[in-house]
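One letter stands for each residue in the lines below.
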Amino acid sequence: MPDRTTLKLDRFHVPGEWPSDVVAIVASEAHHLLHVLRKSRGDRIEIFDGSGRSAEAEVIDLGRRNVEVRIVSQSITQDVEAKSQVWLAVAPPKGERLKNMIEKLTEVGVDRILLLDTERTVVHPGETKVDKLEQVAIAACKQCRRNTLPEIVTPLSMDDALAMFPAGAMIWVADQNGRHALQDDSGATMQYECCLVGPEGGFTPTELHQLDTAGAKSVSLGSYVLRVETAAVLAAGWLIARNRPE
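Residue positions within a chain follow its written sequence, with the count starting from 1. Per-residue local features are limited, in this predicted model, to residues with pLDDT of at least 70; the limit for side-chain atom pairs, both in listing and counting, is 80 or more; totals at the level of whole chains, interfaces and linings are taken over all residues. Each side-chain value is derived from all of the structure's non-hydrogen atoms; neither hydrogens nor water enter the calculation.

### So, the pattern of salt bridges
Stage number 1. Take a side-chain nitrogen of Lys or Arg and a carboxyl oxygen of Asp or Glu: if they are within 4 Å of each other, that pair is a salt bridge. This model, assessed by the stated rule, comprises 14 salt bridges.
Stage number 2. Across the pair arginine 145 and glutamate 46 runs a salt bridge whose closest N-O atoms are separated by 2.6 Å. Of this pair, arginine 145 sits in the loop between α3 (127–144) and β9 (151–156) while glutamate 46 sits in strand β3 (residues 44–48), placing them 99 residues apart in sequence. Comparing arginine 145 with glutamate 46 shows no difference in burial state: the two are buried.
Stage number 3. Through salt bridges with shared partners, one network takes in Arg11, Glu46 and Arg145. Helix and strand assignments come from DSSP, with helices taken as H or I runs of at least 4 residues and strands as E runs of at least 2, each series counted from the N terminus. Residue burial is assigned from relative accessible area. The probe radius is 1.4 Å, only protein chains are included, and a residue is buried under 20% of its type maximum, exposed over 50%, and partly exposed in between.

### Considering helix α2 (residues 95–108)
Stage number 1. An expected span of 1.5 Å times one less than the residue number is assigned to each helix. Helix length check: α2, at 14 residues, gives a terminal C-alpha distance of 21 Å against a target of 20 Å (1.5 Å per residue), a fit within 8%.
Stage number 2. Looking at α2, one finds that the buried residues are Leu98, Met101, Ile102, Leu105 and Thr106. Angularly, the buried residues of α2 cover 130° about the axis, an arc narrow enough to put them on a single face.
Stage number 3. Just downstream of α2 lies glycine 109, where phi reads positive at about 110°. This arc describes the spread of directions from the helix axis toward the C-beta atoms.

### What about the nonpolar core?
General note: in soluble globular proteins, nonpolar side chains tend to be found buried as a group.
Stage number 1. Grouping buried Ala, Val, Leu, Ile, Met, Phe, Trp, Tyr and Cys residues that are joined through side-chain atoms within 4.5 Å yields what is termed a nonpolar core. Counting residues in each nonpolar core, the largest one holds 30 residues, and the members touching the most others are Leu88, Val90, Met101, Ile102, Leu105, Leu115 and Val197.
Stage number 2. Put simply, the parts of the chain that give this core at least two residues each are β7 (85–90), α2, β8 (112–116), α3, β10 (170–174), β12 (192–197) and α6 (228–243).
Stage number 3. Here, two residues are considered to be in contact whenever any of their heavy atoms come within 4.5 Å of each other. If we ignore the near neighbours within four places in the chain, the residues touching isoleucine 102 are Ile113, Leu133, Val136, Ala137 and Ile152.
Stage number 4. Among the nonpolar cores identified, the runner-up in size contains 18 residues, and Trp87, Val153, Met158 and Leu162 belong to it.

### Description of the pairing of β3
Along any regular strand, the residues point their side chains to alternate faces of the sheet.
Stage number 1. In terms of burial, β3 is a largely internal element, 4 of the 5 residues being buried.
Stage number 2. DSSP calls a pair of strands paired once it identifies at least 2 bridges connecting them. Relative to β3, strand β1 (residues 11–13) runs parallel, the two sharing 3 bridges. What sits directly across from histidine 13, in β3, is phenylalanine 48.
Stage number 3. Bridge count for β3 against strand β4 (residues 53–62) is 5 bridges, and the pairing is antiparallel.

### Observations regarding unusual backbone geometry
Stage number 1. Backbone geometry places alanine 27, a non-glycine residue, at a positive phi of 55°.
Stage number 2. Using a relative accessible area of 57% as the deciding quantity, one classes alanine 27 as exposed.
Stage number 3. Backbone geometry at arginine 38 places phi at a positive 50°, although glycine is not the residue there.
Stage number 4. Along the polypeptide, arginine 38 turns up in the loop between α1 (27–36) and β3.
Stage number 5. Given the relative accessible area of 62%, arginine 38 is considered exposed.

In structure tokens, the structure reads:
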């Protein structure tokens, strides 16, 4: 958890190694600092690298397109690595619903989001779209004070997604007729837990057979027909609650 003294500091994403105590904020993050929040020299902020580190810093120089900050002595913190990683492979919904899904999956703590190209997928995000989704994830990390960005991977066929799952991972598939329920904790938690969520209309029988052959366990998310983004967030919350108890 972040220190209480930094809870009200505005946060900025500064990727990289931070080789010295002076680092540069550039591009859209510099624009936000300079022209939206209108920070001045001497202002305190918080920076995070997207890989688990954060630090309190002081603005020391304002340029037209970049900002230099100095990390406050001994302020760098490193997130404690979770005992397991949660991956969501999901067929992307349309429009703003996709952005909302990325935002919420980031907030609840999903480590990797794989956007699936299934037989019934209707949205096929290109490279430009993925860049925008990564900006959504950065904004969500800034708001919820998460220091590790989720990795967003697209587009992936079912074969590619299954091949990407680490060996020995626990694989779940959201299915209205699933054999397991959310309350069912059968099976020990693993280093990696992966869940697949299909498009509107669900996975086809051929895809469900492929997942069953791959050893996936089907889990029911309830008796109602859920939108893709709702099912994805619900499944993610369940897996994270299973694997990351307080």
